[in-house]
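# Topology and contacts: notes
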Amino acid sequence: MDLLKRNIDHNDKGLIHLDIGCGYGSIAEHISHLGRIYVGVDANQLGLASLASRGFETHRLVLSSLEENIHMLREIVGPRTVGSITLLDTLEHLPDSEAILGALYEISKAHNALLIVSVPNIAHRDVGFKLALGKINHTEAGLLDHTHVRMFDDNFLTETLRHSGFYITDRNDVRKAKSDQFFPSSHPVLQEGTTIRTFLNQLRSNVDDSGTINQIIVSCLPGEKISKVPFERPAPETRPFLTIVTRTQGKRIASLVELLTCLAGQTCTDFEVLIVGHNLSVDDQIAVEIIIEDLPTWLKDRVRLIRVEEGNRTRPLNAGFAAAKGEYIAIHDDDDIPLGHWVETFKAAAGKKYGCILRCVSVTQSIKTVNVNGKTAIRAVSQHNKPYPQAFNFLEHFRDNHSPNNTLAFPRGVYHELKIHFDEDLTTAEDWDFLMRTASIVGVASTEEITGIYQWSDQNSIAEHQQDEWIANAQRIQNKLNRQALLLAPGTFKQALSAMNGTSRPLARHEDLKLDSLLEQRQKLTEVADILSSRSWRITIPVRFLKRIFGVRSPTFRDYVNLPAEDLARIHADMKRSTSWRITAPLRRFKS
């Protein structure tokens, strides 16, 4: 009634209200109070007799074909004007919903009348949780009333209405945390304290918010019918194996060119590329578009540019994953390098464990941006390192991420079906958070193959964000995991047992990536910076100038930003032993 009250014009008096499938007319008196003429329509003579005894107009109608239903309803209405229609707890009892909805569409369209529909929600979590474990309980009444011949969830009802020409304008669903299907109370999936219920609740609530809707109640108005039938017709899907999502701000054009060049040389070309431009300026967008236009035709036809104009660095990932068509989706940032068999390795791994997250191995390398003949280029400034473990260990990932973006491919279902999305409240480590939440559900299939180079420079995310920001985001992720029920893959028990016995493999370390190492690197970098900015170092510039005459360039602070802590410690020690530092010792003693 609340839905009806807020969607009708209360100044329109004398209009009739058709209550189709009225039963005993529980809303009859309420309709009268709204100034409308209640007309009850049903096949049940007992219910109609009850209404008639209370002074209401009734008509017996046994629903038939579409044409017959239209004819009978027009006879009932006659020359009067219909203001509103209700179809409450009726659709689920009808084998042919199109016959009655089609007839109501003609009446509603002719009179511009509001239709209100109510059906029980088959997708209530109480039904789903029990059914997942093989239990279904038909009852005398309620969600699984034994007389129901059709079952509706929110999506099926919406599609059914649209196919008949009705569009939902408002809703007033009835929610119940515990439905009439909340039995037997001893069932573990129904007991609030159990781990299995917590886990199922996490999954269910992530998909949509209809898990606690007991009764779906919507108001509709007539519009254009859609030809798409409301039921599914499963057909084989034609998808590329892999969608590659690449974020770019258009600032690392040379790196983007290098990435796309590597993709053009892949041994397996069963992929598409989504370049997600985040807050691109016009000039940057043109630069990216020129790169795409210069690609080989076969690759250019598989590349799409998506613009994202708001949000932090996490927003482009959600935009890219939402637009992805691939069976798997991989993140590959514009400053990393895939080897030629990157896609091929993922596809081979999927052939063995389809549906799992796929994980390969990446080496790391420090790079710097240089200018070559007036053009920006990338130069490697370190050898390749192999800091990441060859196999995925869920427990080791609790503390830190040991799987860079370019080593992972996610099955599309975790994003598109389970609705697990990237947390846009995180400004860093969003990939680690997404990995942990999905790995707990679908598991990880690892291959020891090295398939890429994870490049680190003073322009990537590790350098662009402050340490306290990284730490705060890491704590947020760990707290989130701590609140959740986690599903552990086979083999995790022995990993945990080994860790408790102190025999687990030491955690892989990478000074540029681990938070504790990053703190140490920042400390060493600060010590070097203190010397570079000191008075002692500044007044000895002439001493170092003599070296420049002989072709020895003095390093600047920028040269040290991407070096690991042990290298910075060595440089700091060398500075302390240098001529520049030794000859100014009296000056520092005097100052002290």
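A short tour of the structure in this document, coming up. (Residues numbered from 1 in each chain as written. Predicted model: local features only at pLDDT ≥ 70, side-chain atom pairs only at ≥ 80, totals over all residues. Heavy atoms only, no water.)

## A look at the pairing of strand β12 (residues 328-331)
A regular strand carries its side chains on alternate faces of the sheet. The condition that has to hold: Burial classes follow relative accessibility: with a 1.4 Å probe on protein chains only, a residue under 20% of its type's maximum area counts as buried, one over 50% as exposed, and anything between as partly exposed. By the criteria applied, helices consist of DSSP H or I runs no shorter than four residues and strands consist of E runs no shorter than two, each listed in order from the N terminus. Two strands pair if DSSP finds at least two bridges between them.
Judged by which residues are buried, β12 turns out to be covered on both faces: Y328 and A330 on one side and I329 and I331 on the other are all buried. Alignment of strand β9 (residues 242-248) against β12, held across 4 bridges, turns out to be parallel. Its bridge partner being in β12, L242 is matched across the sheet by Y328. Two strands pair when backbone bridges link them, and β12 and strand β16 (residues 408-411) are joined in this way by 2 bridges, in the antiparallel orientation. Looking at the pairing, Y328 lines up with P411 of β16.

## Comments concerning the nonpolar core
For clarity, the cut-off: What makes a nonpolar core is a set of buried Ala, Val, Leu, Ile, Met, Phe, Trp, Tyr and Cys residues whose side-chain atoms join them at distances within 4.5 Å.
Counting residues in each nonpolar core, the largest one holds 34 residues, and the members touching the most others are L18, I20, I85, L91, L104, V117 and L157. Elements that contribute at least two residues to this core include exactly β1 (16-20), β2 (37-42), α4 (66-77), β4 (82-88), α5 (97-111), β5 (114-120), α7 (154-163) and β8 (213-222). In terms of residue count, the dominant contributor to this core is α5 (6 residues). In this structure, V276, W432, F434 and W470 belong to the second largest nonpolar core, which totals 31 residues.

## Focus on the pairing of β5
Note the cut-off: Handedness of a crossover is defined as follows: orient the strands so they point away from the viewer, and if the path from the first strand over the helix to the second runs clockwise, the crossover is right-handed.
Taken across its 7 residues, β5 has 7 buried, putting it largely inside the fold. Side chains L114, I116, S118 and P120 project from β5 onto one buried face, and the interleaved L115, V117 and V119 project onto a second face that is buried too. In this sheet, β5 lies alongside β4 in parallel orientation, the contact comprising 5 bridges. Bridging across to β5, T86 finds its partner in I116. For the crossover from β4 across α5 to β5, the handedness is right-handed. Sheet topology note: the β5/β8 ladder contains 6 bridges and is antiparallel. By the bridge assignment, V117 is partnered in β8 with V218.

## Quick notes on the side chain of T139
Worth spelling out the cut-off: Here, residues are in contact when the closest pair of their heavy atoms is within 4.5 Å.
Within the secondary structure layout, T139 lies in the loop between α6 (125-132) and α7. T139 sits in the buried class, given a relative accessible area of 17%. Not counting residues within four places of it along the chain, the set of residues in contact with T139 comprises L144, D145, H146, D180, Q181 and F183.

## A word on the pattern of salt bridges
Selection criterion: Each salt bridge in this description consists of a side-chain nitrogen of Lys or Arg and a carboxyl oxygen of Asp or Glu lying within 4 Å of one another.
With the rule as written, the count across this model stands at 29 salt bridges. Among the salt bridges present, the one from E310 reaches R315, with a minimum N-O distance of 3.2 Å. Judged by its relative accessible area of 25%, R315 falls in the partly exposed class. Taken together, the shared-partner salt bridges connect D423, D425, D433, R437, R476 and K480 into one network.

## Considerations on unusual backbone geometry
For the bond from F183 to P184, the omega torsion is -10 degrees, close enough to zero to count as cis. Here P184 shows up in the loop between β7 (174-175) and α8 (195-207). Positive phi, close to 55 degrees, is recorded for N279, a residue that is not glycine. Tracing the chain through its elements places N279 in the loop between β10 (271-278) and α10 (282-293). Among the residues examined, N279 registers a relative accessible area of 38% and is labelled partly exposed. Its identity as a non-glycine residue notwithstanding, K419 has a phi of 60 degrees, on the positive side. Here K419 lies in the loop between α14 (412-416) and α15 (430-442).

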